[in-house]
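# Structural overview for review
This is what each chain is made of:
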Amino acid sequence: MNSDPIPSDTWHALETAVALRQLSTAETGLSGAEARERLSRHGPNRLAAAPRPGWLRRFARQFHNLLIYTLLVAAATTVWLGDHLDAAVIFGVVLINAVIGFIQEGKAERALEAVHAMLASRAMVLRDGERHEIDAADLVPGDVVLIESGTRVPADLRLLTTKNLRIDEAALTGESVPVDKDPAPVAAVAPLAERCDMAYAGTVVAVGQGTGLVVATAGHTEIGRIGRLVSGVQSLATPLTRRLDQFARQITLFILLVSVATFLWGSRVGGLPALDIFLAVVGLAVAAIPEGLPAIVTITLAIGTAAMARQRAIVRRLPAVETLGSVGVICTDKTGTLTKNEMTAVRLLLPGQRVDVSGAGYAPEGGFHVDGQAIDAERDGGVMRLARCALLCNDAQLHHSEAGGWALAGDPTEGALLALARKAGLDPAQEAARTPRIDSIPFESEHRYMATLHHDHAGRAFALLKGAPERVLALCVHGAAEQPLEQAAWQARMDEAAGEGQRMLALAECELPAGTRELATSDITPRFTLLGLVGLMDPPRPEAVTAVAECQAAGVRVVMITGDHATTAAAIGASLGLRDGHPISGAEIDTLDDAALSARLAQTDVIARASPEHKLRLVANLQAGGQLVAMTGDGVNDAPALKTADIGVAMGQRGTDAAREAADLVLTDDNFATIAGAVREGRTVFDNIKKSLLFILPTNGGEAGLILIAVFAGLAMPVTAAQILWVNMVTSITLDMALAFEPAEDGVMQRPPRPASEPLITRLLFMRVVYVSLLMMGAAFWVYHWELGRGSGLDVARTAVVNMLVMSEVFYLFNVRHFTASAWRWETLTGNRIAVWACGITLVLQALFTYAPPMQALFGTAALDAASWALIVALAAGKFVLVEIEKAVLRRFGVRRM
């Protein structure tokens, strides 16, 4: 064997004899001994399984967050101070947060299969001149493999012989129809989708037979190359994790600075004992840290995950729930994502008439339209003659699948013709019985047509013909009403349809002598009558058109990236409402630098003939321009871009294992329309997280403010550390969890996506937090001072302060349900019943906290009288009104979001 490996992108340019010579083999295959020697040298034809982190590492990963580290430090400090109760509560919250994330990731990982399943398990190979079925892992370069209809190609093959061979390469190239294969070499610069003399591992033979020379195995195949691209891509942090990390750094620095300043003031200026001021600083840190935030964020994301699961989307990583709500661009594959990957007859060109056909896919649903008006196909002789020919001159079968849809057995083009005939009301069994087939000439690439012979039980014999338009038209002498065929006119009509991305197929018939029982190629002469032409394409899903429009209304740009020809891609793009002018081709991308590519991307939303490397570069270019990018797809060729995008969305049914493995989100219904729902859910989840911050931070701010006032004024602490934790960890979380169930804000899909640079705490949100913190601090200090002023003990005063904080939270919960919309409406109470229940549970807990003897002993509380409760409720209600006044001012200035 030649020791110098042939580059993987040059085999298609070699003559078969040269390829055989380069690999020191023959068309009869290798000997058994040589195959064993090469197997030991090259290794098995098996892709390495994607490495997965162990359960311990996945669990430890849940703690990798600065805010979690801060909480752990606070817990360790409380342990050192001997306050084991406070430490246990903090440790418990951190553990619950980790367990929730760990369980969710584990569920997603178990739902996905390893990427090596892409390779076939068995292969038919020639060894010592004889056929042997072997494990595909034992294939080596130089083997000669036999492939036939229905088999998965086990390795990259340089085809040696073909017979009517067509291979479905959609998973690898995005090509929506099977590709005709021929052993003749092609140009060295031919892109992957145009290498007709190659068969690539993981693709599926649609029809025909062939033999091929194994030129690459395992990681050296195109699938293996794509796998290396995937492994070389670093996973990006999601917008939410970046914002949370930024927030954690900011709040940690803020708490540290305030704590140091407080300690220095208390010890140097206030003259307090060092231990006392240190305990006060610890209380300040515990008050200021939003201990419940990680749990609230995780719970909100988990609830969003459950909502997406109900909408048939599996979330692999919790932060991905929110990410779709942040994206500004969705780069989507065409085949199987925007379309159903099912060829469909969309137009009939009849003599003197054009008929448009509605419906998508193999389901016999839809109708026939002329100039926009529906027609009855059964009363149109031209439509029925063509539909009957499409049905009878056909080897495919359609049947109901277990999933409830229609499944095809056979060639996709013939499947489209069967669906067309069924739409016209024809029954395959009845038509086959009425005019049974006697003989046929199968489709061959040499003559480019299929012909069938039929009789009608009355002695009449006739032939039906379908095939490439130029070939069939050359065999036709008549058009409608036996009029001479006008070749130029038909060619013009074909060119128009082809310009709209349709593949054309011609159908014809002719009478044969009565009693004819056989059909030979010599019978196929220029004597046919043209019935018409059928325009075929893989059309957009109807729901995808709506979903694209909804995304665009939400300020999200949709870019279609496909392996199809530019003409086909532009036609699909136009029907989806995309900017289809001047599509960018993969060949053009190779000639552009990054600046020129950015300029071209600003002109069109359609990318054609794109390879995996092109998709990677497109995503990276958009990200470099400051965009958050989502990538959707289902093929092996989509996997690298799925991983490099800010969020990868894979199709679950048609999607390959490689695509699902690289994705953050998997759509189980393969429906692009689900993405629009996921964008809505993502925006709702982020809104709810911001509402949670808007709710929980003022409580922390108010508590910290109380402690600061006490330290600087030299007063006794208004609340103890244990009481602070009760508020932060029990009542705040109980109420805050209700916000995770908030429905979407009005107009959530009519606003532009958030800028990638927008912080979690915006200026308006910060102002609201400060404003409400001051109100809560003022109300709590008022109650504290009032209780002490009327002679109440310190325990009573502290109990009143805790209840003031909690009652303020109960009223404020209904303020924060909407960022700026008024709460003075009935929907505020009825729109989220979880909020009402949370308030009820919180009030019961506060009653136990105040009056139950065990709780009094544990937290140092005391019973309150009616006067205390009256003041607490009045102040909480007043704070509610003041927040509503602030919201009204914001609305007056046109502010609708924070």
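Below: a short report on this structure. (Residues numbered from 1 in each chain as written. Predicted model: local features only at pLDDT ≥ 70, side-chain atom pairs only at ≥ 80, totals over all residues. Heavy atoms only, no water.)

## Brief notes about the packing of aromatic side chains
Selection criterion: Note on ring pairs: Phe, Tyr and Trp rings are taken, using the six-membered ring of Trp, and paired if centres are within 6.5 Å. Classes follow the plane angle, with under 30 degrees stacked, over 60 edge-to-face and the rest tilted. Only DSSP runs of H or I reaching four residues or more are called helices, and only runs of E reaching two or more are called strands; each is numbered from the N terminus. Summary of the burial criterion: residues with accessible area below 20% of their type's maximum are buried, those above 50% are exposed, and those between are partly exposed, where the area comes from a 1.4 Å probe applied to protein chains only.
The final tally for this structure, using the stated rule, is eight aromatic pairs. Centroid distance Trp-726 to Phe-859: 5.3 Å. Interplanar angle 65°. Geometry classified as edge-to-face. Taken together, the residues Trp-726 in helix α26 (residues 721-739) and Phe-859 in helix α31 (residues 853-859) connect sequence positions 133 residues apart. Per residue, the accessibility class of Trp-726 equals that of Phe-859, and both read buried. Consider the rings of Phe-849 and Phe-859, whose centres lie 5.4 Å apart with planes at 50°: the pair is tilted. One end of the pair, Phe-849, is in helix α30 (residues 833-851); the other, Phe-859, is in helix α31, with 10 residues separating them in the sequence.

## Considering helix α18 (residues 542-553)
Heads up, the rule is: By this rule, a helix spans an expected 1.5 Å times one less than how many residues it contains. The arc in question is the one traced by the directions running from the helix axis out to the C-beta atoms. Any two residues having at least one pair of non-hydrogen atoms within 4.5 Å are treated as being in contact.
Compared with an ideal rise of 1.5 Å per residue, which puts 12 residues at 16 Å, α18 spans 17 Å between its outermost C-alpha atoms and is within 8% of the ideal. Within the sequence span of α18, burial applies to Ala-544, Ala-547, Val-548 and Cys-551. An end-on view of α18 places all buried positions within 100° of arc, on one side of the element. Residues of α18 that are exposed and point over 90 degrees away from its buried face: Pro-542 and Thr-546. As for α18, its buried residues are in contact with β9 (329-333), α12 (334-338), β22 (557-561), α19 (566-576) and α25 (673-713). With its phi angle positive at about 80°, Gly-555 sits one or two positions after the end of α18.

## Brief notes about the pairing of strand β21 (residues 528-537)
The cut-off we apply is this: Here the rule is simple: two strands pair whenever DSSP picks up at least two bridges between them.
Along β21, 10 of the 10 residues are buried, which leaves the element largely enclosed by surrounding structure. Sheet analysis places strand β10 (residues 344-350) next to β21, joined by five bridges and oriented antiparallel. Along β21, the bridge assignment pairs Ala-345 with Leu-536. Where strand β19 (residues 476-478) meets β21, two bridges bridge the pair, whose relative direction is parallel. Along β21, the bridge assignment pairs Cys-476 with Phe-528. Bridge analysis of strand β20 (residues 503-512) against β21 gives seven bridges, and the strand direction is antiparallel. Looking at the pairing, Ala-508 lines up with Leu-530 of β21.

## Considering the nonpolar core
The cut-off we apply is this: By nonpolar core is meant a set of buried Ala, Val, Leu, Ile, Met, Phe, Trp, Tyr and Cys residues that side-chain atoms within 4.5 Å join together.
Ranked by size, the top nonpolar core spans 124 residues in total, and within it Ile-330, Leu-665 and Phe-672 carry the most contacts. If near-sequence neighbours (up to four positions away) are discounted, Ile-330 is found in contact with Cys-551, Val-556, Arg-557, Val-558, Val-559, Ala-630, Thr-632, Phe-672, Ile-675 and Val-679. Ile-589, Leu-622, Ala-641 and Ala-659 belong to the second largest nonpolar core, which has 44 residues in total.

## Things to note about the pattern of salt bridges
Note on pairing: side chains with opposite charge can pair once their charged atoms come close. Cut-off, in case you're wondering: By definition, a salt bridge exists where a carboxyl oxygen of Asp or Glu is found within 4 Å of a side-chain nitrogen of Lys or Arg.
Taken as a whole, this structure holds 35 salt bridges when the rule is applied. Linking Lys-181 and Glu-169 is a salt bridge whose minimum nitrogen-to-oxygen distance equals 2.6 Å. Residue Lys-181 is located in the loop between β5 (179-180) and β6 (198-199), and its partner Glu-169 is located in the loop between β4 (156-168) and α6 (170-173); the two are separated by 12 residues in the primary sequence. Residue Lys-181 shares its accessibility class with Glu-169, and that shared class is buried.

## Re unusual backbone geometry
In this structure, His-457 takes a positive phi of about 70° despite not being glycine. Although it is not a glycine, Arg-609 adopts a positive phi angle of roughly 50°. Its place among the elements puts Arg-609 in the loop between β24 (606-608) and α22 (612-624). Residue class for Arg-609 comes out buried when judged on its relative accessible area of 15%.

## Looking at a nonpolar patch on the surface
Put simply, the rule reads: Here a patch means residues that are over 30% exposed by relative accessible area and free of salt bridges, tied together within 9 Å if like-charged and within 5 Å if nonpolar (Val, Leu, Ile, Met, Phe, Trp, Tyr). Throughout, the Shrake-Rupley method with a 1.4 Å probe supplies accessible areas, and for residues the shown protein chains are the sole cover considered.
Taken together, the side chains of Trp-824, Val-881, Leu-882, Ile-885, Val-889 and Phe-893 present a nonpolar region at the surface, about 630 Å² in accessible area. Here Trp-824 is to be found in the loop between α28 (794-816) and α29 (827-830).

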